[in-house]
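Fold and geometry: a report
Letter by letter, the chains look like this.
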Amino acid sequence: MPDQSAPLSPPLPDPHTRPHAFLQALFEAAVRSAQPLHGLAAALPAPPRGRTLVLGAGKAAGAMAQALEALWPADAPLSGLVVTRYGHIPPRPAGVPQRIEVIEAAHPVPDAASEVAAQRMLALVQQSRLTDDDLVLFLVSGGGSALLALPVEGLTLQDKQRINRELLASGANIAEMNCVRKHLSRIKGGRLALACAPAPVCTLAISDVPGDDPAVIASGPTVPDASTCAEALEIVRRYAIALPQAVRQGLESGALETPKPGAAAFAKNTVRLVATPWQALQAAAQAARSAGIAAHVLSDEVQGESHEVAKVHAALARTVAQRGAPFAAPCVLLSGGETTVTVHPRPAGALPGRGGRAGEFCLALAQALQGAPNIWALAADTDGMDGSENNAGAWVAPDTLDRAARAGLRVAEHLARNDSWGFFSVLDDLLVTGPTYTNVNDFRAILVR
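First, a word on scope: everything that follows refers to the structure included in this document.

What counts as what
- Residues numbered from 1 in each chain as written.
- Predicted model: local features only at pLDDT ≥ 70, side-chain atom pairs only at ≥ 80, totals over all residues.
- Heavy atoms only, no water.
- Helix = DSSP H or I, 4+ residues; strand = E, 2+ residues; numbered from the N terminus.
- Expected span 1.5 Å × (residues − 1).
- Buried < 20%, exposed > 50% of the residue type's maximum accessible area, 1.4 Å probe, protein only.
- Arc of directions from axis to C-beta.
- Contact = heavy atoms within 4.5 Å.
- Core = buried A, V, L, I, M, F, W, Y, C linked by side-chain atoms within 4.5 Å.
- Pairing = 2+ DSSP bridges.
- Axes fitted to C-alpha atoms, helices over the stretch in contact; angles between N-to-C directions.

Side note on helix H12 (residues 306-323)
- If you check H12, its first and last C-alpha atoms are 26 Å apart, about what 18 residues at 1.5 Å a residue would give, namely 26 Å.
- Every buried residue of H12 is accounted for by Ser306, Val309, Ala310, His313, Ala314, Ala317 and Val320. Along the axis of H12, the buried residues cluster in a sector spanning 140 degrees; they form a single face. In H12, those exposed residues whose orientation departs by more than 90 degrees from the buried face are Val312, Gln322 and Arg323.
- On its buried face, H12 sits against strand S7 (294-302), strand S8 (331-337), helix H13 (357-369), strand S9 (375-381) and strand S12 (442-448).
- At the C-terminal side of H12, Gly324 shows a positive phi close to 65 degrees.

Following this line, the structure appears as structure tokens:
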């Protein structure tokens, strides 16, 4: 588990002699800055007159629950239930008693445990008989959409799993995916907050979405939803995703509409951001500058196909290297956001590709750079898991294509199969960190010397 007690980076490796280690240190600085303990300390409200019920969902929810237990007054009532991804419960800190139950479920496709978690959470709210004197703290981070799965009437868990897989493979962006998820759920899109009324809900969020919109983070179970049934219907039509007839009719009639901004149930509720992609990128930039390397944060809201985003980054890096513009070398270019990967159709019987957004970016970046000297890159997911595999991301170096050719690997073929893991694993260029217990989404760093 990353050290939550030290938000600042230790001295960095020399970028001139150890570029891979330097880039990894920037990634670690970003992740360290997004650990829940740092942001929660400043974001927590005062204990209420009554009870405090803690609910939560996301890849960082287990770490957030432990941080909350350490920070909350020992004599103030605290209990609850949060769900996180399998393997994402951090080791328990010594001396901190457990007051919040933490359970696990599947990501990115929900499983039966995801449905049980949602059922248990709603049942806990109902059994608690909350009042105005009580407080609900909702701990949320990316991944919560899959971890809390309670399909609407007429939709089975199997339907939900299929729709999730098709959305993930379609190239739909996170806002589009979560618009659909909210309208097909009995707990997302503000519905959990309705169940908690009249108790006020304070949502404490680690953002993994471009723009930090709390209605998009984990499909916004506790915040009002401005999207509509009509928009959800248009999205499933655009990506040719089949729905059961009863569910389609529910969208067409508006029967599955979510609670909207301005609803009375949200009047006393608040949202506080605990960690964001921008903060993490700034921490990486600060670490680079401490090593004497200029750092430029391009954006924390980059979206689009990973391979297309890579082409733009490659063009910028080459211009810096060749012309000293728009930035002078040496420097590091940093960006975040959430790119997408549209999975290419495969011939019958062909094995599926392995990997995720970061790996696909690195594949396309290597192809676009064509071995340009003095450019190194690292792309990784800040939760430590890039798509379907156990690596966080991958590295690109000036000799990546030469080493690939000697190993009989062709970048174009691996891109066509969406098989970044297969490419970089042979080169031993995968970054494997294990779970980081936070999630501020894509991290990209390009070092130009």
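Remarks on the nonpolar core
- In terms of nonpolar packing, the biggest core is built from 56 residues, with Leu23, Leu26, Leu68, Leu204, Val332, Leu334 and Phe443 touching the most fellow members.
- Among the elements that take part in this core, helix H1 (residues 19-33) stands out by supplying 8 residues, more than any other.
- Leave out the neighbours within four places in its chain, and Leu334 touches Leu26, Leu281, Ala284, Ala285, Ala295, His296, Val297, Leu298, Ser299, Phe443, Arg444 and Ala445.

Let's talk about the sheet that holds strand S2 (residues 79-85)
- Across the sheet, which stays open at both edges, the 6 strands sit in the order S3-S2-S1-S4-S5-S6 with parallel pairing between neighbours. What marks the edges here is a single partner per strand, and that holds for strand S3 (100-105) and strand S6 (270-275). Within this sheet the neighbouring strands show an average axis-to-axis angle of 20 degrees, counted without direction.
- Of the pairings in the sheet, the one linking S2 to S3 comprises 6 bridges and is parallel in character. Of the residues in S3, the one forming a bridge with Gly80 is Ile100.
- The strands touched by helix H2 (residues 36-43) within the sheet are strand S5 (201-206) and S6, with S6 carrying the most contacts at an inclination of about 145 degrees.

As for unusual backbone geometry
- With an omega dihedral of 0 degrees, the bond running from Ala325 to Pro326 counts as a cis peptide bond.
- Its place among the elements puts Pro326 in the loop between H12 and S8.
- Following Ala329, the chain continues into Pro330 via a peptide bond in cis, with omega recorded as 0 degrees.
- In this fold, Pro330 is placed in the loop between H12 and S8.
- Despite not being glycine, Asn441 has its phi angle at roughly 70 degrees, a positive value.
- Along the polypeptide, Asn441 turns up in the loop between strand S11 (430-431) and S12.

Remarks on the pairing of S9
- Counted residue by residue, S9 has 7 buried out of 7 residues, so it is predominantly covered.
- Going residue by residue along S9, you find Ile375, Ala377, Ala379 and Asp381 tucked away on one face and Trp376, Leu378 and Ala380 tucked away on the opposite face as well.
- Note that S9 and S12 share 7 bridges and pair antiparallel. Bridge pairing in S12 places Ala377 opposite Ile446.
- Relative to strand S10 (residues 393-396), S9 is paired through 4 bridges, and the arrangement is antiparallel. The partner of Ala377 across the bridge, within S10, is Val396.

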